[in-house]
Amino acid sequence: MTADVRKETLGFQTEAKQLLHLMIHSLYSNKEIFLRELISNASDAIDKLRFAALADSSLLEGGPELQIQVDVTSSKKLHTVTISDNGIGMNRDEVIENLGTIAKSGTAAFLENLTGDQKKDSQLIGQFGVGFYSAFIVAERVEVHTRKAGEAADQGVLWESHGEAEFSIESRPKETRGTSITLFLKKDCQEFADDWRVRSVIKKYSDHISVPVMMAKPPAPAEDGEKPDKDAPVEYQAINAATALWTRGRSDVKDEEYKEFYKHVSHDFQDPLTWSHNRVEGKLEYTSLLYLPQKAPFDMWNREMNRGLKLYVQRTFIMDDAEQFLPMYLRFVKGVVDSNDLSLNVSREILQQDPAVESMRSALTKRVLDMLAKLAKGKGDDYATFWKEFGQVLKEGPAEDMANKEKIAKLLRFSTTHTDQETQDQSLEDYVSRMQEKQDKIYYVVAESFKTAKHSPHLEVFRKKGIEVLLLSDRVDDWLMNHLQEFDGKQFQDIARGALDLGAETEEEKAEQEKLAKESEALVERLGKVLESKVAEVRATNRLTDSATCLVVGDHDMGAQMRRIMEAAGQPVPESKPILEINPAHPLVKMLDQEADEDRFADLGNILFDQANLAEGGQLDDPAAYVSKLNKLLLEMSGNR
Ligand code: ADP
Ligand code: MG
């Protein structure tokens, strides 16, 4: 293939264009971050080269000294800052792909969520990761000159854009491999052509970068009467510490440095919520630095999202998103693991089988759970923040990780009838500490929404007796409860499932209950016939005080919420009918019992059944029939027969 020397002008992908525009406008007050992003990219490019060179050392092209160089020029006409690296570089196609499009899935949906409110949007963009386009916050024009490692000098490419609708691309030979990005600064951003300003920003944001960031030594002050020697060779010096941050001792690393390093590894824009940095010695030797973000990424529900840690082996970068080191339900954790035991040519396939990886995974999982437990014990709202953002993901834990079930259960937070608030802030330990003397179960109700759960007819007897019930309404809750089973030796009990056994009933109550059941035998049988095709059974209950009826699920049947989710997803759902429980003390039920007209009895019976369904957030099979039956009854009651 001959090099394409033509100068081509191409349009940015629509999403890229939108993002560019937004970035320029919403991050203006934080413009210096472009340096962090570009240096972060340069450092990634060097990591990638170092890794590729493990297999093919010719990629180093005899110039193994890996480094980033930052140069500024400042004249009357021209103010530029240039960030150069001798990393992996890009070929023509890669330049178009990487700088002209946004590959992240869900980008369009993300952009739709933006409000136009600059302050809010800048937060969202932070979540998205600002990246290369941040250059256009300060530059009116950006040139990227790059050449891929291992290719000939004439394969160099020049990319250029004003950050509007288009960019141009042409061939431009480049002797040295890697990428050089020049920003032609906007008038009001010329401060970034100032050596000291740039130095201090890099110190602040990029000191943790493990490759040297070089800048020209400032010229020595002129001696008396002499002009500084313009032709003297420029001397470069590293302006950062250039050691991998995680290799330093905990006490040597400042919080600010941990935070900046987080932004580099996570591509996040905000500070992390907390972190845990550990060196493990012994049979296995490795260092881990794990972070919890403050905000869920916009694509967290995409199970294919980039997840996992950056893997290093003996300080050499091996891969991003090494998902083998943490389970799926901890996919929000970011950070680095650096192993001394793995081989440098380890691959994803090998990682899956390596027993060392398996034991690191279980140790790292414990670390994260401990970090969460510590956060939960701490003062302030940090755990509440975590729960709000990631609680639903953590709820996948008990199903995925049997070994840590109890640990995870302690970290769960719920809404309960104790507070009757939607905020999930009550732990199972809180619940257990409030259990009644003879209570031996942890009760819960699952519904479509918090409101439906809170007003569930099943709760009536519990409220009357002052027994606390967990109010569950997240999509994963049925799934979660299927796997939890018990906590602290106490069984979980779905109050809409099976027969109600509150254990602590008095003799008096029992006698009353039996009396009611006897009295309603005839009604139960009659109603059972009318609703034969819809219910498995009709029975009298003591769980209702205000409502006339409710539906109960058989002990081994699928819960109503799970059923609705499966149906919505087009999954086959096993046939099963609910049990209809009636409250014999309720006036409507008494009225039903008195009804001699069989047609009206059937209508009223069906209405009560449909209402039980509605009260738990279900949908009626034939809503129009329900409305017409009800209206007929209403008219009869008003005398308009
Ligand atoms: P991210 O770093 O999150 O992937 P960026 O917007 O910062 O996103 O960069 C987009 C892509 O452009 C990078 O993933 C990389 O492939 C490429 N890229 C950017 N800067 C460089 C560079 N200095 N050298 C090589 N590739 C680069
Ligand atoms: Mg980047």
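Residues numbered from 1 in each chain as written. Chains lettered and ligands numbered in written order. Predicted model: local features only at pLDDT ≥ 70, side-chain atom pairs only at ≥ 80, totals over all residues. Heavy atoms only, no water.

Focus: the overall build of the chain
What the chain contains, in helices and strands, is 23 helices and 22 strands. Radius of gyration (C-alpha) of the chain: 33 Å, far over the 26 Å computed for a compact globule of 641 residues. In terms of overall dimensions, the chain has C-alpha extents of about 115 × 60 × 50 Å along its principal axes. Scored against the burial criterion, the 641 residues of the chain give a buried share of 50%. Taking as baseline every contact in the chain between residues at least 6 positions apart, the subset at least 24 positions apart corresponds to 73%. In the form shown here, the chain has an accessible surface area of approximately 31,700 Å², with 48% of it arising from carbon and sulfur atoms. Across the chain, the centroid of the 82 positively charged side chains sits 2 Å from that of the 110 negatively charged ones. (Helix = DSSP H or I, 4+ residues; strand = E, 2+ residues; numbered from the N terminus. Rg over C-alpha atoms; globule rule 2.2 N^0.38 Å. Buried < 20%, exposed > 50% of the residue type's maximum accessible area, 1.4 Å probe, protein only. Contact = heavy atoms within 4.5 Å. Areas by Shrake-Rupley, 256 points an atom, 1.4 Å probe, with all protein chains shown as cover. Lys, Arg positive; Asp, Glu negative; His and termini not counted. Charge placed at Lys NZ, Arg CZ, Asp CG, Glu CD.)

Let's talk about the sheet that holds strand 5 (residues 157-161)
Taking strand neighbours across the sheet as the criterion, the 9 strands line up as 1-6-5-4-7-3-2-8-9 in an open arrangement whose pairing is mixed. Whereas interior strands pair on both sides, the edge strands pair on one side only; in this sheet they are strand 1 (8-11) and strand 9 (236-238). In this sheet, adjacent strand axes meet at a mean angle of 20 degrees when their direction is disregarded. Direction of pairing for strand 4 (residues 139-147) relative to strand 5: antiparallel, over a ladder of 5 bridges. In the sheet register, Thr146 faces strand 5, and the bridge partner there is Val157. Docked against the sheet, helix 2 (residues 33-55) engages strand 2 (68-74), strand 3 (79-85), strand 7 (178-185) and strand 8 (213-216), running at close to 25 degrees with respect to strand 3. Packed on one face of the sheet, helix 3 (residues 92-100) meets strand 1, strand 4, strand 5 and strand 6 (166-171) and runs near 165 degrees to strand 6. (Pairing = 2+ DSSP bridges. Axes fitted to C-alpha atoms, helices over the stretch in contact; angles between N-to-C directions.)

Structural notes on the packing of aromatic side chains
As enumerated under the stated definition, the model contains 20 aromatic pairs in all. Judged by centre distance (4.5 Å) and plane angle (50 degrees), the ring pair of Trp246 and Tyr312 falls under tilted. In this pair, Trp246 is assigned in the loop between strand 9 and helix 8 (255-266) and Tyr312 in strand 12 (residues 309-313), connecting sequence segments 66 residues apart. On the basis of relative accessible area, Trp246 is assigned to the buried category, the value being 2%. Aromatic ring contacts, followed pair by pair, group Phe12, Phe132, Tyr133, Phe136, Trp159 and Phe167 into a single cluster. The cationic tip of Arg199 hangs over the ring face of Trp196; the distance from NZ or CZ to the ring centre is 5.2 Å. Against the face of Phe601 rests Arg526, its NZ or CZ located 3.8 Å from the ring centre. (Phe/Tyr/Trp six-rings, centres within 6.5 Å; stacked < 30°, edge-to-face > 60°. Lys NZ or Arg CZ within 6 Å of the ring centre and 35° of its normal.)

As for the site of ligand 1
Around ligand 1, the neighbouring residues are Asn41, Ala45, Asp85, Met90, Asn98, Leu99, Gly131, Phe132, Thr179 and His267. Separating an oxygen atom of ligand 1 from a side-chain N or O atom of Asn98 is a distance of 3.1 Å. A distance of 3.3 Å separates a nitrogen atom of ligand 1 from a polar atom in the side chain of Thr179. Taken together, the elements giving at least two residues each to the shell around ligand 1 come down to helix 2 and helix 3. For the shell around ligand 1, the class distribution of residues is 4 nonpolar, 5 polar and 1 charged. (Near = heavy atom within 4 Å. Polar contact = N/O pair within 3.5 Å; in protein donor to acceptor, adjacent residues only side chain to side chain. Nonpolar A, V, L, I, M, F, W, Y, C, P; charged D, E, K, R; others polar.)

A word on the environment of Ala153
One can find Ala153 in the loop between strand 4 and strand 5. Using a relative accessible area of 23% as the deciding quantity, one classes Ala153 as partly exposed. Distance in space between the C-alpha atoms of Ala153 and Pro64 is 17 Å, their sequence separation being 89 residues. Once you skip the residues sitting within four places of it in the chain, Ala153 turns out to touch Arg147, Pro173, Lys174 and Glu175.

Some thoughts on the domain arrangement of the chain
The domain architecture assigned to the chain consists of domain 1 (7-221 + 231-241), domain 2 (246-383), domain 3 (413-504) and domain 4 (520-637). Look at where the C-alpha atoms of domain 2 and domain 3 centre, and you get two points 34 Å apart. (Domains from an automatic or database assignment.)

Considerations on the sheet that holds strand 10 (residues 274-280)
Within the open sheet, the 5 strands sit side by side as 10-11-14-12-13. Their pairing is mixed. In this open sheet, the two edge strands, each paired with only one partner strand, are strand 10 and strand 13 (316-322). The average undirected angle you get between the axes of adjacent strands in this sheet is 15 degrees. Two elements, strand 11 (residues 286-292) and strand 14 (residues 334-339), share 6 bridges in a ladder whose sense is antiparallel. Across the sheet, residue Ser288 finds its bridge partner in strand 14, namely Val337. In this fold helix 2 packs onto strand 12 and strand 13, with an angle of close to 110 degrees to the strand it touches most, strand 13. Across the sheet, helix 10 (residues 355-377) lies against strand 10, strand 11, strand 12 and strand 14, angled at about 40 degrees from strand 11, the strand it touches most.

Notes on the packing of helix 2 against helix 7 (residues 195-206)
Where helix 2 contacts helix 7, the axes come no closer than 9 Å and their chain directions differ by 65 degrees. Along this stretch, helix 2 crosses helix 7, giving a crossing that reads as right-handed. Residues Ile33, Leu35, Arg36 and Ile39 of helix 2 form the contact with helix 7, whose own contacting residues are Val198, Val201, Ile202, Tyr205 and Ser206. Its residues assigned to classes, the contact of helix 2 with helix 7 shows 7 nonpolar, 1 polar and 1 charged. (Left-handed = near helix turned anticlockwise from the far one by under 90°.)

Points about helix 23 (residues 623-637)
Helix length check: helix 23, at 15 residues, gives a terminal C-alpha distance of 21 Å against a target of 21 Å (1.5 Å per residue), a fit within 8%. Summarising the contacts, the buried residues of helix 23 are in contact with helix 22 (598-615). Following helix 23 by one or two positions, Gly639 adopts a phi angle in the positive range, close to 90 degrees. (Expected span 1.5 Å × (residues − 1).)

A short note on the pairing of strand 16 (residues 441-446)
For strand 16, the buried fraction is high: 6 of the 6 residues fall into the buried class. Side chains of strand 16 alternate between two faces, with Lys441, Tyr443 and Val445 and Ile442, Tyr444 and Val446 buried alike. Relative to strand 19 (residues 490-494), strand 16 is paired through 4 bridges, and the arrangement is parallel. When the bridges of strand 19 are listed, Tyr443 appears paired with Gln493. Across 4 bridges, strand 16 lies against strand 17 (residues 469-472) in parallel orientation. Across the sheet, the residue bridging to Val445 is Leu471, located in strand 17.

Section: the environment of Lys464
Relative to the assigned elements, Lys464 resides in helix 16 (residues 460-465). By relative accessible area, which is 62% here, Lys464 ends up exposed. Residues Lys464 and Thr545 lie 81 residues apart in sequence; the distance between their C-alpha atoms is 8.1 Å.

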